[in-house]
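Examining the three-dimensional arrangement
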Amino acid sequence: MSVIVVEFLTLDGVVEDPDGAGGTAAGGWAFRHGPEAVAGDKFRLGTLLDTETLLLGRTTWELFAKLWPGRTGEFPDRLNAARKLVASRTLEDVSAWQNSSLLHGDLIDEVERHERDLIVIGSIGIAQALGRRGLVDEYRLLVFPSVAGEGRRLFEVPADLRLVSTTQVGPAILSTYRTH
C-alpha cells in the first residue's frame, strides 16, 4: 500500500484556499492563472483513479461533491467512478458523490490497515497528519508562479524529499517527489 499526496502549491509553500472558496485574504491564487491552469488531470493520475482509493477530508469532499458529479469527459468520468474514502467527524451522509464512504475509526489506524493505494487530494490536515507519521510515499505538487504570503503550508517542518520528475503544465510546474 502506498500513499500519494497531490496539492496545488504557491512558490512560498502555501496550499490553503487555491480556489478562493475558503474566503481567505490570499485565496484564489491558482485561479488567477485562468481555469485551464487547474482543469483536467494536471497531476497525471490517469489510470491510478481506476484502481486506487481517493482519501478526502470533509471540506475537500464537500467542494468536490458539488463540482464533479455533473461533469463528464475522460478525467471527470474517472474521478467520479473512483472509490472515495471520506475522513470526517461530522458528516453522516456521503451519497451526494458516487462511490463515497465514510472512514470509521482513527485516520492513521485506518490508513495503515487499508489494502489499496491511497491518493490524498487537497485535504491539508490529512496530508500533514500522514506526512508526520511517515506514511506518504509520494508528493505530486503543482507549483504556481504566485506568492500568497500567508496561509497554511503543506510542510510544517523541514522534509527530506527526492525529486523524481518535473514537467511544465500550463503556467505551473508539476514536481513529483518521493519520500523513501
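The rules we used
Residues numbered from 1 in each chain as written. Predicted model: local features only at pLDDT ≥ 70, side-chain atom pairs only at ≥ 80, totals over all residues. Heavy atoms only, no water. Core = buried A, V, L, I, M, F, W, Y, C linked by side-chain atoms within 4.5 Å. Buried < 20%, exposed > 50% of the residue type's maximum accessible area, 1.4 Å probe, protein only. Helix = DSSP H or I, 4+ residues; strand = E, 2+ residues; numbered from the N terminus. Contact = heavy atoms within 4.5 Å. Phe/Tyr/Trp six-rings, centres within 6.5 Å; stacked < 30°, edge-to-face > 60°. Lys NZ or Arg CZ within 6 Å of the ring centre and 35° of its normal. Polar contact = N/O pair within 3.5 Å; in protein donor to acceptor, adjacent residues only side chain to side chain. Salt bridge = Lys/Arg side-chain N within 4 Å of Asp/Glu carboxyl O. Pairing = 2+ DSSP bridges. Arc of directions from axis to C-beta.

Thoughts on the nonpolar core
Core analysis: the biggest nonpolar cluster contains 34 residues, and Leu-54, Trp-61, Leu-79, Trp-97, Ile-121, Leu-142 and Phe-144 have the highest contact counts within it. Secondary-structure elements contributing two or more residues to this core are strand 1 (3–10), strand 2 (53–57), helix 2 (58–67), helix 3 (74–81), strand 5 (118–121), strand 6 (138–144) and strand 8 (172–178). Discounting chain neighbours no more than four positions away, the residues touching Leu-79 are Leu-49, Leu-54, Trp-68, Lys-84, Trp-97 and Ile-121. Formed by 24 residues, the second largest nonpolar core is a distinct cluster that contains Val-111, Ile-124, Ala-127 and Leu-135.

Looking at the packing of aromatic side chains
Here the structure, examined in full by the defined rule, presents six aromatic pairs. Taken together, a centroid distance of 5.5 Å and an interplanar angle of 85° make the contact between Phe-8 and Phe-144 edge-to-face. Here Phe-144 lies in strand 6 and Phe-8 lies in strand 1, a separation of 136 residues in the sequence. On the accessibility criterion, Phe-144 (0% relative accessible area) is buried. Centroid distance Trp-68 to Phe-75: 5.5 Å. Interplanar angle 85°. Geometry classified as edge-to-face. A cation over an aromatic ring shows up here: Arg-71 above the ring of Trp-68, its NZ or CZ 4.8 Å from the ring centre.

Thoughts on the side chain of Thr-10
Inspection of the secondary structure puts Thr-10 in strand 1. Here the side chain of Thr-10 touches Asp-12 through a polar contact of 2.4 Å, side chain to side chain. One polar contact links the side chain of Thr-10 to the main-chain amide nitrogen of Val-14, over a distance of 2.9 Å. Ignoring anything within four residues of it in the chain, the contact list for Thr-10 reads Trp-29, Val-143, Phe-144, Ser-146 and Ala-148.

A closer look at the pattern of salt bridges
Two side chains that carry opposite charge are able to pair once their charged atoms sit near each other. Scanning all chains against the criterion turns up nine salt bridges. One salt bridge connects Glu-110 with Arg-113, and the closest N-O pair in it is separated by 2.5 Å. Separated by three residues within a single helix, Glu-110 and Arg-113 lie in helix 4 (residues 107–113), roughly one turn from each other. Here Glu-110 falls in the partly exposed class, since its relative accessible area comes to 24%. Residue classification places Arg-113 among the exposed positions, given a relative accessible area of 55%.

Let's talk about the pairing of strand 2
Within strand 2, five of the five residues are buried, which leaves it mostly tucked inside the rest of the structure. Every second residue of strand 2 is oriented toward a common face, with Thr-53, Leu-55 and Gly-57 on one face and Leu-54 and Leu-56 on the other, all of them buried. Looking at chain direction, strand 2 and strand 3 (residues 83–87) are connected through five bridges and run parallel. Considered in strand 3, the bridge of Gly-57 is made with Ala-87. The sheet contact formed by strand 2 and strand 5 spans three bridges and is parallel. Its bridge partner being in strand 5, Leu-54 is matched across the sheet by Ile-119.

What to know about helix 3
Taken residue by residue, helix 3 has Phe-75, Pro-76, Leu-79 and Asn-80 as its buried positions. Viewed end-on, helix 3 has its buried residues packed into an arc of 125°, placing them on one side of the element. Contacts made by the buried residues of helix 3 are with helix 1 (48–51), strand 2, strand 3 and strand 5.

A few points about the pairing of strand 8
Two elements, strand 6 and strand 8, share six bridges in a ladder whose sense is antiparallel. For Val-143, the partnering residue across the bridge sits in strand 8 and is Ile-173. Pairing geometry for strand 7 (residues 162–169) and strand 8, over seven bridges, is antiparallel. Bridge pairing in strand 8 links Arg-162 to Arg-178. The turn joining strand 7 and strand 8, which pair antiparallel and follow one another in sequence, is formed by two residues; a positive phi near 65° is taken by Gly-170.

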